[in-house]
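So you can see what is in the structure, the chains are spelled out below.
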Amino acid sequence: MSLKSTLLLILQFLPPFITLKTLKALHNFLISILKTIKKLLGKIMSNQSDDQNSDLPPPFDPSKPSIPISYPIKTLEDLDSGSYFTSFHYPYNKSSVPLQPKAALTQRPRILVCHDFQGGYQDDKWVQGGNNSGAYAIWHWYLIDVFVYFSHNLVTLPPPCWTNTAHRHGVKVLGTFITEWDEGKAVCKELLSTKESAHKYAEHLVELAVDLGFDGWLLNMEVELEVGQIPNLKEFVSHLTQTMHSSLPGSLVIWYDSVTIDGKLSWQDQLNEKNKPFFDISDGIFVNYTWKEEYPKLSATVAGDRKFDVYMGIDVFGRGTYGGGEWTTNVALDVIKKNDVSAALFAPGWVYETKQPPDFQTAQNRWWALVEKSWGIVQNYPKALPFYSNFDQGHGYHISIDGAQVLSTQWNNISSQTFQPFLEYVDAPTSNTIEVYVDFKETSFIGGGNLTFKGILEDKSSVSIRLFLGELLMSDLPVHFTYSVKSEGNSQVGLSLEFSSKMKGKKKLLLASQGMNQFSSKFSKVIVPRQLTKPDMAPGWVIQESSIAMNGYVLTEIHAVCYRQQPENGVLGSEAKSNTQDPAEYFAVLGHIRITTSDQNTEFPPSTSWIVEGQDVEWGGSQGSKTLSLKISWKLKDGKNSLFPRYNIYVEKLTKQSVRTLGRTREGVQEFIGVAHVEAFYVSDLAIPSGTSSLKYIIQVCDVDGASQKLDEAPFFQLKC
């Protein structure tokens, strides 16, 4: 997991006459060389000219207002002082999506994914989002049980974007506490000095996890320890685990296979008597990734009825890992699954970091398809209502809201991911198939992505494409299915819904517009949706809405059905008739899917229900080209916690020459400037055109089902220029 472990891995292949004592001497010699190099580099840097130093940006001061970021805690002193909680950035780093339900992990083999991407805190550190449409993300959440955010800092706090989207998909999120190298030994000397100190620092970690909304910790004590320190190390692990459980039911503390019970830094590559004492007082062990084929079985035997808490490591970069990682990661997964233990995938960002061809989207889908084929799907949704997906992966080239585009620049924010579709990867699509992909460049209906279906589809043919695999128990209330479609020619897309009941068997319903009668024999019932339109929608979008009553059934599958509208009395509609596309060419776009019940219609609190404040106001620029930075915060007047997961932020730049027409003030353009997932947003260096008299910041409240408040009813903050 570190440079040190890689070094020891290389040493194990040296000739057998080299003894352990020789290895230690060589190891210490190499460490001394590294220290010498560091000192030389330090002297070189210190000798740089004052002019060069003056060009460096000022050091990061977390107490001062600035664009909110996520960052780690690097020293034990900072952890102990609680300075993180007084940081300007702290309130922005709270996750806004709770994990439902807060239950123990399922008793089956599991998949843990350890992030380890380019040292951590890359594009994902920008809490309010960045401007990289090609930013790294994970979207195969239905193949993951636990997600660990990892870096080589002492306390790695997961950026809230990862916690938000993982929780939305039912995945637990862990931070990392790591000690390594000489700095790590110094940390352990203080951390493990007494039983009381071990308890104190454990409680600090619990406080961080509970307050920021993630689910526990991976512990990696990657240093040599004295035997006398081990009792307090066990106190630290045990107290952390027990306090996490009592403070946050369903939380996890997982031990990494590094230091042993006798204080040696010796990776065992299996669960055995040297690391089991730590396994016994935690929720599981992440086994180092240089294991041999028989080790999963041996580990399962040692674990007994806790075999699913053994996570056999796989380094996707292939550094000494069983099976070689990379495109043969499934080789290790197959062995692990066969022996009925769990797997830990380390650094799946290999696909992105090594620029696997032909592009990241394709390579990522291909790699995760190997995981699915080997392991199977571990998460199902929808499980509860409301359910909503706009197929957004958290990055793109534009953003739309209800069919109207509000942003036309690059952006990234993993928090914006909604439920991700279970798309099946097709390795070699033919010219006679329908290709389906998440499209970021085609104008979306909501958010920055949509599902595009493109290819060849002959007349009177249809193609079914898996979207979601659910476990949704239907109640006695009618359930409303709403989805948006845009298509060319007579291309159409509907929804196939599969239900099951132990008493009543299976039923298959089709939601499709007219012209689908030729396929009705394949379904228990064909329902023609109502078509809705909204005045501000971009041309071409149609909203389809249907109500279904299936009390006692479980919704198990949702598929998209691609087909062609058949002519009525030999005549197609004027739009399809005038289109010049090839009769076999097919093109349709699915913008979103929403599933709700009649009692789940959102009633947004009116503007007068909110208190909106501006703080940390800072004017900049020069005469005629002013800029403004400030923090905007809001809360309900009644003191209740808002349960809304998202707020779209707009600004109106009002001028002194506001025109009054028919008793109304013609206001400025409502400019979309970002998204907040907590009740605060920081505006940085907003350019103020000359002649602007005031700025009106509008907070558009959004619900979990994708509904958004009308802008003229939304809370706002107005500031004179």
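Residues numbered from 1 in each chain as written. Predicted model: local features only at pLDDT ≥ 70, side-chain atom pairs only at ≥ 80, totals over all residues. Heavy atoms only, no water.

When its secondary structure is counted, the protein shows 14 helices and 34 strands. Among the 721 residues that make up the protein, the fraction classed as buried is 52%. For the protein, restricting intrachain contacts to residue pairs at least 6 apart in sequence, the fraction spanning at least 24 positions comes to 76%. Total accessible area on the protein is roughly 32,400 Å²; 52% of this is exposed by carbon and sulfur atoms. (Helix = DSSP H or I, 4+ residues; strand = E, 2+ residues; numbered from the N terminus. Buried < 20%, exposed > 50% of the residue type's maximum accessible area, 1.4 Å probe, protein only. Contact = heavy atoms within 4.5 Å. Areas by Shrake-Rupley, 256 points an atom, 1.4 Å probe, with all protein chains shown as cover.)

Turning our eyes to something else, we now look at the pairing of strand S13 (residues 404-407). Sheet topology note: the strand S12 (residues 399-401)/S13 ladder contains three bridges and is antiparallel. Bridged to isoleucine 401 within S13 is alanine 404. Hairpin geometry of S12 and S13 is characterised by an intervening segment of two residues between the two adjacent antiparallel strands and by a positive phi of about 50° at aspartate 402. (Pairing = 2+ DSSP bridges.)

Now for unusual backbone geometry. Residues tyrosine 381 and proline 382 are joined by a peptide bond in cis, for which omega reads 10°. Note on placement: proline 382 falls in the loop between helix H13 (360-375) and strand S10 (387-389). Unusually for a residue other than glycine, aspartate 685 sits at a positive phi of about 50°. Looking at the secondary structure, you find aspartate 685 in strand S32 (residues 680-688).

Once that is clear, we can look at the nonpolar core. Counting residues in hydrophobic clusters, the biggest one holds 130 residues, and the most contacted among them are Phe177, Trp217, Leu233 and Phe236. No other element matches helix H7 (residues 195-212), which puts eight residues into this core. With near-sequence residues (within four places) excluded, phenylalanine 177 lies in contact with Leu79, Leu154, Val155, Leu191, Leu205, Trp217, Leu218, Leu219, Asn220, Met221 and Phe236. The next biggest cluster of nonpolar side chains, apart from the first, holds 23 residues, and it includes Val651, Phe681, Leu695 and Val701. (Core = buried A, V, L, I, M, F, W, Y, C linked by side-chain atoms within 4.5 Å.)

Bringing the packing of aromatic side chains into the picture now. In this structure the tally under the stated criterion is 39 aromatic pairs. Look at phenylalanine 177 and phenylalanine 236: their rings are 5.5 Å apart centre to centre, the planes differ by 50°, and that puts the pair in the tilted class. Of this pair, phenylalanine 177 sits in strand S4 (residues 172-180) while phenylalanine 236 sits in helix H8 (residues 230-247), and the two are 59 residues apart along the sequence. Owing to a relative accessible area of 0%, phenylalanine 177 belongs among the buried residues under this scheme. Judged by relative accessible area, which is 0%, phenylalanine 236 ranks as buried. Note on tryptophan 634 and tyrosine 647: the rings are 5.2 Å apart at their centroids and 70° apart in plane angle, and the pair reads as edge-to-face. Separated by 13 residues along the polypeptide, tryptophan 634 in strand S27 (residues 625-636) and tyrosine 647 in strand S28 (residues 646-655) bring together distant segments of the chain. Neither tryptophan 634 nor tyrosine 647 differs from the other in exposure class; each is buried. The ring of phenylalanine 279 has arginine 306 sitting right over it, with the charged end atom 4.0 Å from the ring centre. Here the guanidinium or amino end of lysine 337 rests over the ring plane of tryptophan 375, the centre of that ring lying 5.2 Å away. (Phe/Tyr/Trp six-rings, centres within 6.5 Å; stacked < 30°, edge-to-face > 60°. Lys NZ or Arg CZ within 6 Å of the ring centre and 35° of its normal.)

Further remarks concern the sheet that holds strand S20 (residues 505-511). Ordered by their spatial adjacency, five strands build an open sheet running S17-S24-S19-S20-S21, and the pairing between neighbours is mixed. Each edge of the open sheet is held by one strand with a lone partner, namely strand S17 (463-473) and strand S21 (525-527). Pairwise comparison of adjacent strand axes, ignoring direction, gives a mean angle of 25° for this sheet. Where strand S19 (residues 491-501) lies against S20, seven bridges are found, and the strand directions are antiparallel. The partner of serine 501 across the bridge, within S20, is glycine 505. (Axes fitted to C-alpha atoms, helices over the stretch in contact; angles between N-to-C directions.)

Vacant regions in the atomic arrangement are exposed by a probe of water-molecule size rolled over the atoms. The full count for this structure, using the stated rule, is five cavities of 30 Å³ or more. If you add up the space inside the largest cavity, you get close to 70 Å³. Together, Asp123, Asp124, Trp126, Ala135, Tyr136, Ala137, Cys161, Gly394, His395, Asn412, Asn413 and Ile414 line the largest cavity. Of the residues belonging to the lining of the largest cavity, the class tally is six nonpolar, four polar and two charged. (1 Å grid on protein atoms, 1.4 Å probe; cavity = no way out; pocket = protein on both sides within 12 Å on 5 of 7 lines; lining within 4 Å. Points joined across faces, edges and corners; volume = space filled by probe spheres on them. Nonpolar A, V, L, I, M, F, W, Y, C, P; charged D, E, K, R; others polar.)

Turning to the environment of proline 421, a few remarks are in order. Structurally, the position occupied by proline 421 is in the loop between strand S14 (411-412) and strand S15 (434-439). Using a relative accessible area of 7% as the deciding quantity, one classes proline 421 as buried. Sequence spacing of proline 421 and phenylalanine 468 is 47 residues, and the spatial spacing of their C-alpha atoms is 5.7 Å. Contacts of proline 421, omitting those with residues within four sequence positions, involve Tyr142, Phe391, Leu451, Leu467 and Phe468.

We now examine the packing of helix H11 (residues 329-338) against H13. Close contact between H11 and H13 brings their axes to 9 Å; oriented N to C, the two are set at 20°. By the angle class used here, H11 and H13 are roughly parallel. Considering how the two elements wind past one another, H11 and H13 form a crossing that is right-handed. Together, Thr329, Asn330, Leu333, Asp334, Ile336 and Lys337 of H11 and Trp367, Leu370, Val371, Ser374 and Trp375 of H13 make up the contact between the two elements. Its residues assigned to classes, the contact of H11 with H13 shows six nonpolar, three polar and two charged. (Parallel < 35°, antiparallel > 145°, perpendicular 65-115°, else oblique. Left-handed = near helix turned anticlockwise from the far one by under 90°.)

A sheet is described by the order of its strands in space; here three strands give the open sequence S26-S27-S32, paired in antiparallel fashion. Since the sheet does not close on itself, it has two edges, and those belong to strand S26 (610-622) and S32, each with one partner. Within the sheet, the average angular offset between the axes of one strand and its neighbour, ignoring direction, is 15°. Pairing geometry for S27 and S32, over seven bridges, is antiparallel. By the bridge assignment for S32, leucine 630 is matched with valine 683.

Tallied over the full model, the rule gives 12 salt bridges. Note that aspartate 340 and lysine 307 form a salt bridge whose closest N and O atoms lie 2.7 Å from each other. Taken together, the residues span a long stretch of sequence, with aspartate 340 in the loop between H11 and strand S9 (342-346) and lysine 307 in the loop between helix H10 (295-303) and strand S8 (310-315) at a distance of 33 residues. Look at aspartate 340 and you get partly exposed, because its relative accessible area is 27%. Between aspartate 315 and arginine 319 there is a salt bridge, and its shortest N-O distance comes to 2.5 Å. Here the salt bridges do not stand alone but share partners, grouping Arg110, Arg306 and Asp309 into one network. (Salt bridge = Lys/Arg side-chain N within 4 Å of Asp/Glu carboxyl O.)

Let's shift gears to H10. Of the positions making up H10, those classed as buried are Tyr295, Pro296, Ser299, Ala300 and Ala303. Down the axis of H10, the buried side of the element spans an arc of 140°, and every buried residue falls inside it. In H10, those exposed residues whose orientation departs by more than 90 degrees from the buried face are Lys297 and Thr301. Close packing links the buried residues of H10 with helix H9 (276-279), S8 and H11. Positive phi shows up at glycine 304, right after H10, with a value of about 65°. (Arc of directions from axis to C-beta.)

Mean pLDDT over the protein stands at 89; residues scoring 70 or higher make up 88%. Taken together, the stretch residues 7-25 has pLDDT below 50 and engages in 12 contacts with residues farther than four places along the chain or on a different chain. (pLDDT = per-residue confidence, 0-100.)

Here the focus is helix H5 (residues 160-168). Burial analysis of H5 places eight of its nine residues in the buried class, the great majority of the element. Listing the buried residues of H5 in full gives Pro160, Cys161, Trp162, Thr163, Asn164, Thr165, Ala166 and His167. Along its buried surface, H5 packs onto strand S2 (146-148) and S4. Just downstream of H5 lies glycine 170, where phi reads positive at about 85°.

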